[in-house]
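So you can see what is in the structure, the chains are spelled out below.
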Amino acid sequence: MKAVTYRSFGAAADVLQLVDLPDPVAGPGEVLVRVRATGINPSDVKLRGGARPGAVMQFPTVVPHSDGAGVIEAVGAGVDPARIGERVWIWNGQWQRAFGTGAEYVALPSEQAVFLPDTTGFAEGACFGIPAMTAWYALYRDGPIDGQSVLVTGGAGTVGRYACQMAALGGARVITTVSSDAKAAHSGASEWVNYRTQNVTEAVMDMTAGAGVDRIVEVDFAANQRASLALIRPGGTIASYASASRMQPELDFYGFMFKDIRLHMLIVYQLSGAVRRAGEAQLTQWLQKNALSHAVVPAGGLSDVAAGHEMVEAGQKLGTVVLEV
Ligand SMILES: NC(=O)c1ccc[n+]([C@@H]2O[C@H](COP(=O)([O-])OP(=O)(O)OC[C@H]3O[C@@H](n4cnc5c(N)ncnc54)[C@H](OP(=O)(O)O)[C@@H]3O)[C@@H](O)[C@H]2O)c1
């Protein structure tokens, strides 16, 4: 099969190579998926660049990318053969595994290939493992959000955009922060604040008549800690999935303590089985109703992988960078 690989950390154009590898085989409990689309997330790019703290190559050869979608072509022992021919989306394709979705085939545990309804294309399916599931988990880990107010910081990001939609679908009032009118339109949220030109705390307090919000879905904990603390209502939850501006921020412990705030620093790769199945079931329901809009940035095929990684690094793309396989 054709596969993108890297054997050492480095710049995308230096280390990513399109090579021929033997076709993988589905082992016991696994399925073999013919990949049709592979999604590139910031985490794939950071892994390849060796940007994780204490990074060492975990495997001699890595096929990058955790997200993808395709069709099950074969199953291993113990997996229902009725799954052959099923359209699926993939999660954790390259989480603690050498071979991810940046290839024509991937073999992986059956539960990591989730039914993809006919309502949804393969490119869109390559956006679910990380962006969609992170948004769902950040919003719904603690149960329904009907009637609550949710501030989604960075609503034009891949996670943020899904979070805006999923919060509205759950009956919440959604306010988001963005850095331009174009990004506001991309977020789809009707209530938004430009976090570069406006004072977010004042603006959101005005919008909520001084009440603040019940929940925050946070893209940069360090950068927004002060505003979040001011805006979150007593007893509220801040679910934060990144803190890129500062990975070890100083925490205003007593500020959060006296407001009885739950801080949820989440990682989508580590969902428990039960939580993951609940998220998958909810996502499937929304997909079958065509309730979600997906932001795909088509970026060519496997041979265009280096440019795709560079687009993610540049950070200005609007949506998930997806390669057709
Ligand atoms: N913990 C997890 O499980 C998990 C899951 C998914 C992603 N992540 C991480 O989350 C980060 C974002 O991922 P993504 O795929 O959503 O990236 P993305 O598509 O590039 O979106 C990031 C968004 O955040 C906005 N932003 C940046 N700083 C902001 C700030 N201080 N306030 C408000 N908005 C801000 C950006 O807007 P502007 O460019 O306009 O500023 C951009 O729209 C990455 O570091 C990724 O690795 C973590």
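Quick caveat: nothing in here was measured; it's all calculated off a predicted structure.

**Section: the UniProt feature "domain: Enoyl reductase (ER)" (unreviewed entry) in the protein chain**
Stage number 1. The UniProt entry lists residues 11-323 under the feature "domain: Enoyl reductase (ER)" (unreviewed entry), expressed in the numbering used here.
Stage number 2. Overall, residues 11-323 shows 32% helix and 26% strand. The separation of its end C-alpha atoms is 19 Å.

**Some remarks on the domain arrangement of the protein chain**
Stage number 1. Annotation of the protein chain at the domain level lists domain 1 (2-127 + 294-324) and domain 2 (131-269).
Stage number 2. Between the C-alpha centres of domain 1 and domain 2 the distance comes to 29 Å.
Stage number 3. With 16 residues of domain 1 at the contact, the number on the domain 2 side is 11 residues.
Stage number 4. Surface buried jointly by domain 1 and domain 2 totals about 1200 Å² across both partners, of which 57% is contributed by carbon and sulfur atoms.
Stage number 5. For the pair domain 1 and domain 2, the number of links is 0 salt bridges.

**Here's the deal with the sheet that holds strand β13 (residues 262-265)**
Stage number 1. A sheet is described by the order of its strands in space; here 6 strands give the open sequence β10-β9-β8-β11-β12-β13, paired in parallel fashion. Each edge of the open sheet is held by one strand with a lone partner, namely β10 (191-194) and β13. Geometrically, the sheet is characterised by an average inter-axis angle of 15° between neighbouring strands, direction not taken into account.
Stage number 2. In terms of strand pairing, strand β9 (residues 173-178) meets β10 through 4 bridges, oriented parallel. Across the sheet, isoleucine 175 pairs through a bridge with glutamate 191, a residue of β10.
Stage number 3. Contacting β8 (149-153), β11 (213-218), β12 (232-240) and β13, helix α8 (residues 221-231) crosses the sheet at an angle of about 160° to β12.

**Let's talk about the site of the ligand**
Stage number 1. Around the ligand there are 25 residues in total, and Lys46, Thr158, Ser179, Tyr195 and Val268 lie nearest to it.
Stage number 2. Side-chain polar atom of arginine 196 to an oxygen atom of the ligand: 3.0 Å apart, as the coordinates give it.
Stage number 3. Within the side chain of asparagine 224, an N or O atom sits 3.3 Å from a nitrogen atom of the ligand.
Stage number 4. Among the secondary structure elements, those contributing two or more residues to the shell around the ligand are α2 (42-49), α4 (128-140), α5 (158-169) and α8.
Stage number 5. Counted by class, the shell around the ligand contains 12 nonpolar, 8 polar and 5 charged residues.
Stage number 6. Both domains that furnish three or more residues to the shell around the ligand are identified here as domain 1 (2-127 + 294-324) and domain 2 (131-269).

**Some thoughts on the nonpolar core**
Stage number 1. Trp89, Phe128, Leu139 and Met166 are the most contacted members of the largest nonpolar core, which totals 43 residues.
Stage number 2. Secondary-structure elements contributing two or more residues to this core are α4, β8, α5 and α10 (273-288).
Stage number 3. Per-element accounting of this core gives the leading share, 10 residues, to α4.
Stage number 4. For this core, the two domains that each supply at least three residues are domain 1 (2-127 + 294-324) and domain 2 (131-269).
Stage number 5. Ignoring sequence-local partners within four residues, the contact set of phenylalanine 128 consists of Asp67, Trp89, Leu116, Thr120, Met133, Tyr162, Leu283, Leu287 and His294.
Stage number 6. With 16 residues, the next largest nonpolar core counts Val15, Ala299, Val312 and Val321 among its residues.

Parameters at a glance
Sequence order as written defines the numbering, with residues in each chain counted from 1. The model is predicted, so local features are restricted to residues of pLDDT at least 70 and side-chain atom pairs to those at 80 or more, both for listing and for counting; the totals for chains, interfaces and linings are taken over all residues. As a rule here, side-chain values come from all non-hydrogen atoms in the structure, and water together with hydrogens is ignored. UniProt positions are given in the numbering used here, feature names are shortened, and annotations may be inferred rather than shown by experiment. A run of DSSP states H or I qualifies as a helix once it reaches four residues; a run of E qualifies as a strand once it reaches two. Both are numbered from the N-terminal end. Per the annotation, domain bounds derive from an automatic or database assignment of domains. Residues are treated as being in contact if the distance between any of their heavy atoms lies within 4.5 Å. Buried area adds together the accessible area that both of two parts lose upon being put together, with accessible area traced by a 1.4 Å probe. Salt bridges are defined by distance alone: a side-chain nitrogen of Lys or Arg within 4 Å of a carboxyl oxygen of Asp or Glu. Two strands pair if DSSP finds at least two bridges between them. Only the stretch in contact is used when a helix axis is fitted, and all axes are lines through C-alpha atoms; the angle between N-to-C directions ranges over 0 to 180 degrees. Any residue with at least one heavy atom within 4 Å of a molecule or strand is counted as near it. Here a polar contact means two N or O atoms within 3.5 Å. Within protein one must be a hydrogen donor candidate and the other an acceptor candidate, and residues neighboring in sequence count only if both atoms are side-chain atoms. In this classification, the charged set is Asp, Glu, Lys and Arg, the nonpolar set is Ala, Val, Leu, Ile, Met, Phe, Trp, Tyr, Cys and Pro, and all remaining amino acids, among them Gly, are polar. Working definition of a nonpolar core: buried Ala, Val, Leu, Ile, Met, Phe, Trp, Tyr and Cys residues. They are joined through side-chain atoms within 4.5 Å. A 1.4 Å probe rolled over the protein chains alone gives each residue an accessible area, and that area as a share of the maximum for its type sets the label: buried under 20%, exposed over 50%, partly exposed in between.

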